[in-house]
Amino acid sequence: MSDLLKGFVDKKKAESAFLSLADGESVVVKRLKDIKLVTKAGFGGEEKEVLRLKCEVETSEGTRDKDFDNGTARFATEMQEKGVKVGCGFTLTRTGLQTKTRYTVSAVTQPAA
């Protein structure tokens, strides 16, 4: 039964248009396809600008395009310091829950020339 449920959850996660990670989970972004600013509702309902990353990732259902939103200066600064730009690959890791959630970038690979 748990295999059935796990398979169902994995399939739904793979089909989602958005990238979502659990605490401690990482995903390899094969290629960052685009970065743009979007306005969306925050936790309190107020509008705020966030970075929307269009990513190509490997899922249980094969390679998929996923969006990942983040509105923190800390994450944007880390991306800048590590040289992440459109065309790069990298590993994205989540640590923490709710307001203590942090996303970190590692293993950045530059696009082939």
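Residues numbered from 1 in each chain as written. Predicted model: local features only at pLDDT ≥ 70, side-chain atom pairs only at ≥ 80, totals over all residues. Heavy atoms only, no water.

J.: I'm lost on the sheet that holds strand β2 (residues 47–59) in this one. Help?
T.: In a beta sheet, neighbouring strands are held together by backbone hydrogen bonds and run either parallel or antiparallel to one another. Read across the sheet, five strands follow the order β3-β2-β1-β4-β5 without closing on themselves; strand pairing throughout is antiparallel. The open sheet is flanked by β3 (62–70) and β5 (102–109), the only strands paired with a single partner. This sheet shows a mean twist of 35° between the axes of neighbouring strands, independent of strand direction. In this sheet, strand β4 (residues 89–95) lies alongside strand β1 (residues 26–41) in antiparallel orientation, the contact comprising four bridges. Each residue of the ladder has a partner; that of V27, found in β4, is L92. (Pairing = 2+ DSSP bridges. Helix = DSSP H or I, 4+ residues; strand = E, 2+ residues; numbered from the N terminus. Axes fitted to C-alpha atoms, helices over the stretch in contact; angles between N-to-C directions.)

J.: Before we go on, may I ask you to explain the pairing of β3 in this structure?
T.: Two faces, one strand: in a regular strand the side chains alternate between the faces of the sheet. As defined by bridge partners, β2 adjoins β3 across nine bridges and the pair is classed as antiparallel. Bridge pairing in β3 places V57 opposite R64. Counting the residues between successive antiparallel strands, the hairpin from β2 to β3 contains two residues.

J.: Before we go on, may I ask you to explain the pairing of β4 in this structure?
T.: Along β4, six of the seven residues are buried, which leaves the element largely enclosed by surrounding structure. The pairing of β4 with β5 spans six bridges and is classified as antiparallel. Looking at β5, one finds that T95 is bridged to R102. Where β4 folds back onto β5 in an antiparallel hairpin, the turn is made up of six residues, including G96, whose phi is positive at roughly 95°. (Buried < 20%, exposed > 50% of the residue type's maximum accessible area, 1.4 Å probe, protein only.)

J.: Sorry if this is basic, but what is going on with the environment of R102 here?
T.: Secondary-structure assignment places R102 in strand β5. Spatially, the C-alpha atom of R102 lies 12 Å from that of A76, the residues being 26 residues apart in sequence. Apart from residues no more than four positions distant in its own chain, R102 is found in contact with R74, T93, R94 and T95. (Contact = heavy atoms within 4.5 Å.)

J.: So what exactly am I meant to see when it comes to the nonpolar core here?
T.: Soluble, globular proteins show a tendency: their nonpolar side chains are buried together. Grouped together as the largest cluster of nonpolar side chains are 17 residues, with contacts concentrated most on L53, F75, F90 and L92. Contributions of two or more residues to this core are made by β1, β2, α2 (73–81), β4 and β5. The element that contributes the greatest number of residues to this core is β2, accounting for four residues. Excluding residues that lie within four positions of it along the chain, F75 makes contacts with L53, F68, N70, L92, Y103 and V105. (Core = buried A, V, L, I, M, F, W, Y, C linked by side-chain atoms within 4.5 Å.)

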